Amino acid sequence: QVQLVESGGGLVQAGGSLRLSCAASGTIAGINVMGWYRQAPGKQRELVATITRGGATNYADSVKGRVIISRANAKTTVYLQMSMLKLEATAVYYCNAYYGIEPHWGQGTQVTVSS
């Protein structure tokens, strides 16, 4: 089993910055890809960014240039540094980790961008 715990969400003004963290625990040796997804009210969950154990990254077009994903702590923690936040970034952000082909999700952390 893999447990994911997110932190760092909150209220931020448009144009501001925020860093999300996600710590993995449990059977973590088999985790390869970790990432962040978000779900805005009334919308489907969508990809924000992913990072492999080797450090290869992938970003949604909508966040490129404003978001950086990274991993640390023996690859067990994943961060999402967000800057120049827009109102449409308001959503619940979920941490994701693939143990083999099995996805695991965190409980989500709310990010609210105000004008």
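It should be noted that the structure appears before, not after, this text.
Here we summarise the structure given alongside this text.

Rules used throughout
Residues numbered from 1 in each chain as written. Predicted model: local features only at pLDDT ≥ 70, side-chain atom pairs only at ≥ 80, totals over all residues. Heavy atoms only, no water. Disulfide = S-S within 2.5 Å. Helix = DSSP H or I, 4+ residues; strand = E, 2+ residues; numbered from the N terminus. Buried < 20%, exposed > 50% of the residue type's maximum accessible area, 1.4 Å probe, protein only. Polar contact = N/O pair within 3.5 Å; in protein donor to acceptor, adjacent residues only side chain to side chain. Phe/Tyr/Trp six-rings, centres within 6.5 Å; stacked < 30°, edge-to-face > 60°. Lys NZ or Arg CZ within 6 Å of the ring centre and 35° of its normal. Pairing = 2+ DSSP bridges.

## Quick look at the state of the cysteines
- Counted under the stated rule, the structure contains one disulfide.
- What pairs with C22 in a disulfide is C95, and their sulfur atoms sit 2.0 Å apart. Between C22 and C95 the disulfide shows an S-S torsion of about -80°. By sign, it is left-handed. Of this pair, C22 sits in strand 3 (residues 18–26) while C95 is found in strand 9 (residues 91–99), placing the two residues 73 residues apart along the sequence.
- Since its relative accessible area comes to 0%, C95 is described here as buried.

## Some thoughts on the environment of K64
- Assignment of secondary structure puts K64 in the loop between strand 6 (57–59) and strand 7 (67–72).
- For the pair K64 and A49, spaced 15 residues apart in sequence, the C-alpha separation works out to 9.1 Å.
- In terms of polar contacts, K64 uses its side chain to reach the side chain of D61, at 3.1 Å.

## Concerning the packing of aromatic side chains
- Taken as a whole and assessed by the stated rule, the structure comprises one aromatic pair.
- Ring geometry for Y37 and W105: centres 5.1 Å apart, planes at 70°, overall edge-to-face. On the criterion of sequence distance, the pair formed by Y37 in strand 4 (residues 31–39) and W105 in strand 10 (residues 102–105) is long-range, its members being 68 residues apart.
- Since its relative accessible area comes to 18%, Y37 is described here as buried.
- Judged by relative accessible area, W105 falls into the partly exposed class, the value being 38%.
- Positioned above the aromatic ring of Y94, the side-chain terminus of R45 is 3.7 Å from the ring centre.

## Observations concerning the pairing of strand 8 (residues 77–82)
- For strand 8, a buried count of five out of six residues is recorded, marking the element as mostly surrounded by other parts of the structure.
- When strand 3 meets strand 8, the two strands line up antiparallel, connected through six bridges. By the bridge assignment for strand 8, C22 is matched with V78.
- In terms of strand pairing, strand 7 meets strand 8 through six bridges, oriented antiparallel.

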